[in-house]
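# An overview of the molecular structure
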Amino acid sequence: MLSNLLHINTLWVMASTMILGIAAGGIGCLAYWKRQNLMSDALSHAALPGVVVAFLIIQEKNLLLLVIGAALSALLGAFFIQWFTSASRITEDTAMGMTLSVFYGVGVMLLAIANRSPGGNQSGLNNFIYGQAAAMVRSDVITMVVLAAIVIFIIFIAFKEWKLFLFDPDFAKGIGLSIRGMNVLYTIVLVTTIVIGIQAVGVILMAAMLIIPAVSARYWTHSFKMMILLSSVIGGLSGAFGTWVSSTGSGLPTGPFIVLTSAAVFTISLFFGKEHGIVIRYIQFKMQQRSSRLDHQQVMTGKGGRSQ
Amino acid sequence: MLSSVIHVDDLSASYQKNKVLNDVSFEVKKGTITAIVGPNGAGKSTLIKTMLGLHPKLTGNVSFWGNSFKAAKKKIGYVPQRGSVDWDFPTDALDVVTMGLYGKIGWFRIPSKKDKEKAMNALKKMGMESYAHRQISQLSGGQQQRVFLARALAQDAELYFMDEPLAGVDASTEKAIMTILKELKSNGKTVLVVHHDLQTVPEYFDHVLFLNKTVYAHGETEEVFTKDNIATTYGGDMQWVGKGDQYVIQSTSH
Ligand SMILES: Nc1ncnc2c1ncn2[C@@H]1O[C@H](COP(=O)(O)OP(=O)(O)OP(=O)(O)O)[C@@H](O)[C@H]1O
Ligand SMILES: [Mg+2]
């Protein structure tokens, strides 16, 4: 196990899933307050056909090009959702559910075709479904780290703009922030994070990397900045730890271990979180109850205990 | 002579097939406080949103100091209806008020200590300084309204639009808010307020705009705030009940 940890390639891969987790945790907070958690799930599933089509065209596994294909098909999915919702009576969640399953279905079908093509079987395309961080080569890692770093930079440079955009877009527009611009930027960073993550985590579980750290962080803080920071930290640690665990067995998928790690953090937060964690809330309630009971008794005895 | 701050010409707006504003035209002079009154669904909020470019207009023209909204927006403050934002959002009162300064601070810059002080002063004016670091979700409705107004004050605008700032607030909050509005007026600022309580209109406002899809009457309160105008604006299902000098409107619909 230790020798495995020290293996230089494992370290590289761990570093890349960590930075991916940081980006996903940050973006997840934006998605959380945009009330668009299902959207990230729809977009990650919608990325699959793009990956396979890109592979069928270029006939080799170049992550940057596959990622571009993924981004295009995720954006197409986003466009469909938007269009269905505004041009018909279909509600947004229905449109998301439909887009998610149809795109994923097409992706799996194309994958079957690609796997029959010469060289397709060894391409590792299947990894895009459940995620296999160990399948990443040096250039993949670099692509991922560079893109994730850009995403993190965009989140952190515009803290107060994101806050205003998410809290009160009408007011933001009134004081000159372009809401359309922010929406475009948001979609770009969201899609970028999703598509760079799908090889390591898989399209099925990618959304969990965005959602779980954000809801976990919500239990610890009342400040937007702290929530983003915490969510990023949780995402980063889950990414690194999940990758390490999955690398201890051969061929274990990475995605599930990352998700399980962050789910464990979520469980702890749910119970022990400083803000509205179940246990903390219970203790606070009991303490209140006891102190008001004491007050009550004092009042009673002060009155001479007649009402007893 | 007083100069006009707002010119609205022939403005109309709709939601899908529903036309909710038709041929709205009026002018507002500098240093006045105008009440926009009309029944629920009359299009009061829509009028404000359309004037501020938050809702697309079908036809017509709106200008501020003779310029487009875009050129004038730095001088315009907007207090939306309280229900328009997510009060669960993780932030505190002081932070929300600081948002009023973002336009001045500039994009991608962090608010300075001085900015925080300015925001704190605005909170003080609304009697909310002890709640500065309170989570906004833990404020009462009236306190949230005060925070919104403090944000508008921090903006230090020339022209204010407020959508029902007095809705659901108690008497002391109402007093506090009206004092601030009067102060704004005496400083030469112009204020438009969507207002629901007809009884207090003559006391609080020097101008009234009756709106129900279109403008029914507009002018100085003394002149246009009449039984007839109220009755026509609020439509046939409303009955006028005069009780001395009290203004009471009763709905006769069930
Ligand atoms: N987002 C929307 N989509 C469709 N119709 C809308 C929308 N918002 C408002 N409307 C309709 O437009 C009309 C005017 O609404 P508006 O909110 O401007 O009324 P209002 O005068 O502000 O009412 P209130 O006193 O209840 O706040 C109403 O009939 C309403 O049903
Ligand atoms: Mg309204």
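Look a little higher up for the structure.
This is a predicted model, so every value here is computed, not measured. (Residues numbered from 1 in each chain as written. Chains lettered and ligands numbered in written order. Predicted model: local features only at pLDDT ≥ 70, side-chain atom pairs only at ≥ 80, totals over all residues. Heavy atoms only, no water.)

## Observations concerning the overall build of chain B
When you go through chain B residue by residue, the secondary structure sums to ten helices and eleven strands. Dimensions of chain B, computed from C-alpha atoms along their principal axes, come out at roughly 55 × 40 × 40 Å. Each of the 254 residues in chain B was classed as buried or not, and the buried ones make up 52%. Across chain B, every contact between residues at least 6 apart in sequence was considered, and the portion connecting residues at least 24 apart equals 65%. Put simply, chain B shows about 11900 Å² of open surface, and 47% of that area lies on carbon and sulfur atoms. (Helix = DSSP H or I, 4+ residues; strand = E, 2+ residues; numbered from the N terminus. Buried < 20%, exposed > 50% of the residue type's maximum accessible area, 1.4 Å probe, protein only. Contact = heavy atoms within 4.5 Å. Areas by Shrake-Rupley, 256 points an atom, 1.4 Å probe, with all protein chains shown as cover.)

## What to know about the nonpolar core
Of all hydrophobic cores here, the largest spans 133 residues; its most connected members are Leu 125, Trp 162, Ile 198 and Met 206 of chain A together with Met 162 and Leu 181 of chain B. With residues up to four places along the chain from it excluded, the contact list for Leu 181 of chain B reads Ile 33, Met 162, Val 191 and Val 193 of chain B. Residues Val 5, Val 20, Ile 48 and Ile 76 of chain B belong to the second largest nonpolar core, which totals 28 residues. (Core = buried A, V, L, I, M, F, W, Y, C linked by side-chain atoms within 4.5 Å.)

## Let's talk about the interface of chain B and chain A
Listed by partner, the interface residues are 31 residues for chain B and 23 residues for chain A. Overall, the association of chain B and chain A removes approximately 2500 Å² of surface from exposure, summing both partners, and the carbon and sulfur fraction of that is 64%. Contact with chain A buries area across many residues of chain B, yet Phe 89, Pro 90 and Trp 107 of chain B alone supply 27% of it, more than any other trio. Counting the contacts that link chain B with chain A gives three salt bridges. A salt bridge links Asp 86 of chain B to Arg 35 of chain A; the nearest nitrogen and oxygen atoms lie 2.8 Å apart. Here chain B and chain A share ten residue pairs in polar contact (both at pLDDT 80 or more) between them. Elements that contribute at least two residues to the side of chain B that touches chain A include exactly helix 3 (93-99), helix 4 (102-105) and helix 6 (141-155) of chain B. (Buried area = accessible area lost by both parts, 1.4 Å probe. Salt bridge = Lys/Arg side-chain N within 4 Å of Asp/Glu carboxyl O. Polar contact = N/O pair within 3.5 Å; in protein donor to acceptor, adjacent residues only side chain to side chain.)

## Some points on the sheet that holds strand 9 (residues 214-220) of chain B
Residues and elements named next belong to chain B. Spatial strand order, 5-6-7-3-8-9: six strands in an open sheet with mixed pairing. Every interior strand has two partners, whereas the edge strands, strand 5 (76-79) and strand 9, have only one. Going across the sheet, the axis of each strand differs from the next one's by a mean of 15°, ignoring polarity. Bridge count for strand 3 (residues 33-37) against strand 7 (residues 190-194) is four bridges, and the pairing is parallel. (Pairing = 2+ DSSP bridges. Axes fitted to C-alpha atoms, helices over the stretch in contact; angles between N-to-C directions.)

## Describing the site of ligand 1
Residue and element names in this part refer to chain B. The environment of ligand 1 is formed by 13 residues, the closest being Gly 41, Gly 43, Lys 44, Ser 45 and Thr 46. Asn 40 has a polar side-chain atom sitting 3.0 Å from an oxygen atom of ligand 1. Gly 41 is positioned such that a nitrogen or oxygen atom in its backbone is 2.9 Å from an oxygen atom of ligand 1. Look at ligand 1: alone it shows 640 Å² of surface, and the protein chains cover 62% of it. At three residues, helix 1 (residues 44-51) tops the list of elements feeding residues into the shell around ligand 1. (Near = heavy atom within 4 Å.)

## Some thoughts on helix 1 of chain B
Residue and element names in this part refer to chain B. Here helix 1 lies mainly inside the structure; seven of its eight residues are buried. Among all positions in helix 1, only Lys 44, Ser 45, Thr 46, Leu 47, Ile 48, Thr 50 and Met 51 are buried. Phi for Gly 53, located one or two positions after helix 1, is positive at around 70°.

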